[in-house]
Amino acid sequence: MMWNLTSSKEDWSLFLADKFKDKNGQWTDQYSNMQMKVKDLMLGNEWIIPSELQNFIHYPLPPITGTQDEMVWSGDMKGIFSTSAAVDKIRHRESTLHWPSYIWKPFIHPGISSNIWKIQQGVFVDDQLKIQQGYSMVSMCCICKQDLDSMFHLLWSCSFSIKIWQWLGNIFHFSIPSSLEDVIHCAKNHSPIVKQIWLTSSFATMRELWFLKNRIFFDNAKPNENTVKSKILSLVHYGGYRMKATRWTHDYDSHILEFFKLGNKGSKFTTIRECVWLLPPRGVILFCCNGIALVDPGLAGFGIIYIDHDGAVVGTISGGLGIASSYIAKSFSVIWAFEWENKLKCDKLSSEQI
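Everything numeric in this text was worked out from a predicted model, so none of it was measured.

Visitor: Would you mind going over the pattern of salt bridges with me for this structure?
Guide: Pairs can form between side chains of opposite charge once their charged atoms are near each other. The full count for this structure, using the stated rule, is 6 salt bridges. A salt bridge links D88 to R91, with the shortest nitrogen-to-oxygen separation between them at 3.5 Å. Accessibility expressed as a relative area gives 47% for R91, which makes it partly exposed. Here K229 makes a salt bridge to E225, at a shortest N to O gap of 3.8 Å. Taken together, the residues K229 and E225, both in helix 11 (residues 225–239) and 4 residues apart, mark about one turn of the helix.

Now the structure itself:
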């Protein structure tokens, strides 16, 4: 700041210099210490700090030993001064934004990405923004007629918007998102093609809700759920031509692709892993059980197979658990194995979880 004040040619710097300098270009008594050097603050081996500067200097100061001066730079781990290190030290750092990497994807149409970028950057006008700017006004959401008109309310808490998100969430078996971060993380543990479909449909939903508000405000349109849903389905369907990701060989992926009429997508080869069980001793039945959820939590199921000492399969059982975590599915498989053992009245058994 002081360096800019004494050396800058900008208007504010010249104004302050003219105000606090005399006709000879010297600072007035109140600001005469601004151009002092370190040697002006020392008298022999003692520091002499003017009272005007004591509030700006951090104590304690290092002792004056009279040895050779050394240049010390803490902006680099090796103590080497460089222009890049100095700039990096004094520059203002903004927090890292992760959402731009999700909206500017090749599979998302630029028209959708640009509108999501505007929403996130605040390139819009709503009543909440006007009130913050000092306007005195009565505000009401033009869709639900229940709350203050704001972009956050429109996208995440408006009763009409919640119905659209609930419809979309039921398709994917996701919970209703309440922010863009929720949208990004909903499909975290799903196949690449499901992630692309979810992001495309979610961003299309955000855009259509914004456009619906504009149509109501400027064209006196009426909110219609079916119209919004059909526009979202159309955007996802035509966006499918831009989606190049692979699917998993699950019924879940087939359901999503069929619902949005995206045709058949290629699947990535899945490695087949071999499982080996050691045969139990004679007279002992081995229960091999496991459970897993597609998403944690998500659609879950379990399976049990039991074999005798010769490796012959005595029986198998499997079932679905609805929405559960992998831990619950694994625990349920063990419990079911013991219940099955009780029904079979086995004297000796051994259980092993995959």
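Back to the text.
Visitor: Please explain the side chain of D126 as it appears in this structure.
Guide: For D126, the position within the fold is in the loop between helix 5 (110–121) and helix 6 (127–132). Here D126 occupies a buried position and makes no salt bridge, while the nearest side chain of opposite charge, K213, is found at 5.3 Å. Within the structure, the side chain of D126 is placed 2.9 Å from the backbone nitrogen of M151, a separation counted as a polar contact. Ignoring anything within four residues of it in the chain, the contact list for D126 reads D149, S150, M151 and K213.

Visitor: I'm lost on the side chain of K213 in this one. Help?
Guide: Within the secondary structure, K213 is located in helix 10 (residues 192–219). Other than its neighbours up to four places away in sequence, K213 contacts V125, D126, C142, D149 and L154.

Procedures and definitions
Residues numbered from 1 in each chain as written. Predicted model: local features only at pLDDT ≥ 70, side-chain atom pairs only at ≥ 80, totals over all residues. Heavy atoms only, no water. Salt bridge = Lys/Arg side-chain N within 4 Å of Asp/Glu carboxyl O. Buried < 20%, exposed > 50% of the residue type's maximum accessible area, 1.4 Å probe, protein only. Helix = DSSP H or I, 4+ residues; strand = E, 2+ residues; numbered from the N terminus. Lys, Arg positive; Asp, Glu negative; His and termini not counted. Polar contact = N/O pair within 3.5 Å; in protein donor to acceptor, adjacent residues only side chain to side chain. Contact = heavy atoms within 4.5 Å.

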